[in-house]
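Examination of the molecular architecture
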Amino acid sequence: MLNVFKRQTPETIFRFLSRMGQQADVYSAHPESLCPTLEDKCVYVYVNEEELAIVMIDEVLEGTKEKADLELSNPLQETLFHNVTTHYQSGSDEKRVSPIWQLFHAAMSLRELINKDLERPLQVHAMLITNSHIVNVADLRWTANLLDAGIGMTILHDCQTFFNQWSVLRLPVNQDFFLVGSSYIESYKRELAEKRRREKEEQDDDEFSRLFREFLEDDDDNDSDEDDIDDIDDDDNDDDSSTDDIQLDAAAADFKTRLAACRSSEERKLLLIRYAKRKVAQAGMN
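Residues numbered from 1 in each chain as written. Predicted model: local features only at pLDDT ≥ 70, side-chain atom pairs only at ≥ 80, totals over all residues. Heavy atoms only, no water.

**Section: unusual backbone geometry**
Under the convention used in this document: Every helix listed is a DSSP run of H or I at least four residues long, and every strand listed is a run of E at least two residues long, numbered separately from the N terminus.
A positive phi angle, near 55°, is found at Ser 33, a position not held by glycine. Here Ser 33 lies in the loop between β1 (27-29) and β2 (42-47). A positive phi angle, close to 65°, is found at Asp 40, a residue other than glycine. Tracing the chain through its elements places Asp 40 in the loop between β1 and β2.

Set out below in structure tokens:
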């Protein structure tokens, strides 16, 4: 399937995708929000037992010319497309996030999460169809295919004829639930939701830890101020204060031991909250 994808041209791609969406043995779909980098983008996926193609349809104003950033060696660094249509008439630099960058991250996400539990990895190919004229398209193709040897990339630009078709955004799809490709996509959606949930939980944990550290630092500052005042007291209280310090040290050590023994972030949060409440109560009593 993927070899046929790679042979397409701007003149053949519309008819090819129309036929591909009617293949009985290929699951195809037009999903929304398939990947965080493809929010609100027009995307189609085609999947059989061994291969997956993700197609991004990118439409801009007719006659647009763009130059693509080629600094793709670091996939995490967001790259841009620069509008050079009126480059010689204006000094302004109109730009947008590179659809190649967006598409590559989606392809990586699909490959990572679908192949997670597969004995035989699924081959993934990405295709960009755009009516933009990319002035450095040859260099972009060469650079994009160096990003990851396991992900192929086809770039079709100057596809205005494709976008002139009245049904371009309603290509036929075969969403047969019993095809293995359907299970791959459903598995991907579940894994993606779980991954995003874990990332959100980690962010919440980091934010909670930061706020808790700030609370402890503020509390330590308050304790040091109180210690300065206590130094003025009579020497008769020295023995009592040393006993209190020993008790506080023991409590802190016990807290650290219990914190290390927590089995989940929820347990850590509950323990931290209890500890914070106790510190507040002790501060109120003092």
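**Quick notes on the layout of surface pockets**
Quick reminder of the rule: Only protein atoms enter the calculation, which uses a 1 Å grid: trapped sets of points that fit a 1.4 Å probe without letting it out are cavities, open sets showing protein on both sides within 12 Å along at least five of seven lines are pockets, and any residue with an atom within 4 Å of a point is a lining residue. Grid points are joined across faces, edges and corners, and a volume is the space filled by probe spheres set on the points. By the convention adopted, Pro, Cys, Tyr, Trp, Phe, Met, Ile, Leu, Val and Ala count as nonpolar, Lys, Arg, Asp and Glu as charged, and the other residues, Gly among them, as polar.
The space that makes up the second largest pocket amounts to roughly 250 Å³. Taken together, 12 residues make up the lining of the second largest pocket; nearest its centre are Cys 35, Pro 36, His 105, Ser 109 and Lys 195. Elements with a minimum of two residues in the lining of the second largest pocket: α3 (99-114) and α6 (180-230). By residue class, the composition of the lining of the second largest pocket is five nonpolar, three polar and four charged.

**Topic: the nonpolar core**
Note the following rule: For this analysis, a nonpolar core means a set of buried residues of the types Ala, Val, Leu, Ile, Met, Phe, Trp, Tyr and Cys, connected via side-chain atoms within 4.5 Å. Relative accessibility decides the category of a residue: with a 1.4 Å probe and only protein chains considered, values under 20% of the type maximum give buried, values over 50% give exposed, and everything between is partly exposed. It only takes one pair of heavy atoms within 4.5 Å for two residues to be counted as in contact.
Counting 38 residues, the largest nonpolar core has Leu 52, Ile 54, Ile 100, Met 153, Ile 155 and Tyr 188 as the members making the most contacts within it. Elements with a contribution of two residues or more to this core: β1, β2, β3 (51-58), α3, β7 (123-130), α4 (137-144), β9 (151-156) and α6. In terms of residue count, α3 provides more of this core than any other element does, eight residues in total. Not counting the four nearest positions on each side in its chain, Leu 52 is found in contact with Met 1, Leu 2, Tyr 46, Val 47, Leu 110, Ile 114, Leu 122, Gln 123, Val 124, His 125 and Ile 185. One finds Phe 16, Leu 17, Tyr 46 and Cys 159 within the second-largest nonpolar core, a separate group that totals 23 residues.

**Examining the packing of aromatic side chains**
To be explicit about the condition: Aromatic rings from Phe, Tyr and Trp, with only the six-membered ring used for Trp, were paired whenever their centres fell within 6.5 Å, and each pair was classed as stacked if the ring planes differed by under 30 degrees, edge-to-face if by over 60, and tilted otherwise.
In the structure shown here, the tally under the stated rule is five aromatic pairs. Their ring planes at 90° and their centres at 4.9 Å tell us that Phe 5 and Phe 16 sit as a pair that is edge-to-face. In this pair, Phe 5 is assigned in helix α1 (residues 2-6) and Phe 16 in helix α2 (residues 13-20), connecting sequence segments 11 residues apart. Pair check on accessibility: Phe 5 and Phe 16 agree, each one buried. Among the aromatic side chains, those forming a connected cluster through ring pairs are Phe 5, Phe 16 and Tyr 46.

**Thoughts on the pattern of salt bridges**
Rule in force here: The rule for a salt bridge is simple: a side-chain nitrogen of Lys or Arg has to be within 4 Å of a carboxyl oxygen of Asp or Glu.
The tally for this structure, following the rule as stated, stands at eight salt bridges. The salt bridge involving Asp 58 is made with Arg 96; its shortest N-O contact spans 2.8 Å. Placement of the pair is Asp 58 in strand β3 and Arg 96 in strand β6 (residues 95-97), with a sequence separation of 38 residues. Its relative accessible area of 6% is what places Asp 58 among the buried residues. We note a salt bridge from Lys 189 to Glu 186, for which the minimum N-O separation is 3.8 Å. On the criterion of helical spacing, the pair formed by Lys 189 and Glu 186 is a turn pair, its members being three residues apart in helix α6.

**Overview of the sheet that holds β1**
Our working rule: DSSP bridges decide pairing: two strands pair if at least two such bridges lie between them. Helix axes are fitted only over the stretch in contact, all axes being lines through C-alpha atoms; the angle between N-to-C directions runs from 0 to 180 degrees.
Spatial strand order, β1-β2-β3-β7-β9: five strands in an open sheet with mixed pairing. Of all the strands in the sheet, the pair left with one neighbour each is β1 and β9. Each adjacent strand pair in this sheet contributes to an overall mean axis angle of 15°, direction not counted. Sheet topology places β7 next to β9; six bridges connect them, and they run parallel.

**Regarding α4**
Stated formally: The arc in question is the one traced by the directions running from the helix axis out to the C-beta atoms.
All of the buried residues along α4 are Val 137, Leu 140, Thr 143 and Ala 144. Projected down its long axis, α4 carries its buried residues within an arc of 125°, all on one side. Turned more than 90 degrees away from the buried face of α4, the exposed residues are Ala 138 and Trp 142.

**Brief notes about the pairing of β9**
Counted residue by residue, β9 has six buried out of six residues, so it is predominantly covered. Going residue by residue along β9, you find Ile 151, Met 153 and Ile 155 tucked away on one face and Gly 152, Thr 154 and Leu 156 tucked away on the opposite face as well.

**A few points about the sheet that holds strand β4 (residues 65-68)**
With mixed pairing, the four strands of this open sheet are ordered in space as β6-β5-β4-β8. Only two strands of the sheet have a single neighbouring strand rather than two, namely β6 and β8 (133-134).

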